[in-house]
Structure formats: structure tokens, C-alpha cells
Amino acid sequence: MGHYVTLIRYTQQGASKIKESPARLDAARKAAEAAGGKIHARFLTMGKYDAVIISEFPNDEAGASFMLKTGSLGNVTTQTMKAFTEDEYRKLVASL
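Visitor: Which residues make up the nonpolar core, and what are the values?
Guide: Ranked by size, the top nonpolar core spans 12 residues in total: Tyr4, Ile8, Ala28, Ala32, Ile39, Ala51, Ile53, Phe57, Ala62, Phe66, Met67 and Val76. Of all the secondary structure elements, the ones that give two or more residues to this core are β1 (2-10), α2 (21-34), β3 (51-57) and α3 (60-72). Each residue touching Tyr4, except ones within four places of it in the same chain, is listed here: Ile53, Ile54, Ser55, Phe57, Asn59, Asp60, Thr80, Met81, Lys82 and Ala83.

Structure below.
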């Protein structure tokens, strides 16, 4: 399973309905599970981004599909990075 770090920014729509965001997070967790993935952590952040999500999906396609569906709702924009665990990192470096 691939790991992903997603940087989130609220859109004007998402910010204006901020009190609904806990319910949206619950729905996102269910949608991730339906896609075979899991949201491991969600952090509210200060600065350029409003939140960070750490997630895991069976493959890049499932992760991308989930993020596209999330963005299409209009409440957030996302920037997602593939992340490698420490074990994966060590294997990559060892193969050099």
C-alpha cells in the first residue's frame, strides 16, 4: 500500500461552511475506506495550508481517484505527495 501526504487549503465555499468540516472529514474517512484506503491522521495547520492528511491507498490510482473526488466537492484544494516509509527509503538507498 502506498502512503501519501496531502496538503489542504479551504476554498471560499469550504471556509464559509467550516462548521460542517468535521462531518466532511467523517465522510472522507468512509470514502477512503470504500476505495480500499485509510486516512491515518488529519492535522489542522497554520500557515499556507489549512490541514494535512496522512493516508494510505492500495495504489496510486486509488489515491488519485480519492483526491479528485474530494476536490470535486468544492470545499478544498489538495496537493498530494507520495511518501515512502523508512523501510522503503532504506531499500531504495541500498539499491543505489
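Visitor: Let's hear about α3: which residues, and what values?
Guide: Because an α-helix packs 3.6 residues into every turn, residues spaced three or four apart end up facing the same way. With 13 residues, α3 ought to run about 18 Å at 1.5 Å a step, and its terminal C-alpha atoms sit 18 Å apart, in line with that. Residues of α3 that are buried: Ala62, Gly63, Phe66 and Met67. Seen end-on, α3 carries its buried residues on one side only, within an arc spanning 130°. Pointing more than 90 degrees away from the buried face of α3 are the exposed residues Glu61, Leu68, Lys69 and Ser72. Here the buried face of α3 lies against β1, α2, β2 (38-44), β3 and β4 (76-83).

Conventions adopted
- Residues numbered from 1 in each chain as written.
- Predicted model: local features only at pLDDT ≥ 70, side-chain atom pairs only at ≥ 80, totals over all residues.
- Heavy atoms only, no water.
- Core = buried A, V, L, I, M, F, W, Y, C linked by side-chain atoms within 4.5 Å.
- Buried < 20%, exposed > 50% of the residue type's maximum accessible area, 1.4 Å probe, protein only.
- Helix = DSSP H or I, 4+ residues; strand = E, 2+ residues; numbered from the N terminus.
- Contact = heavy atoms within 4.5 Å.
- Expected span 1.5 Å × (residues − 1).
- Arc of directions from axis to C-beta.

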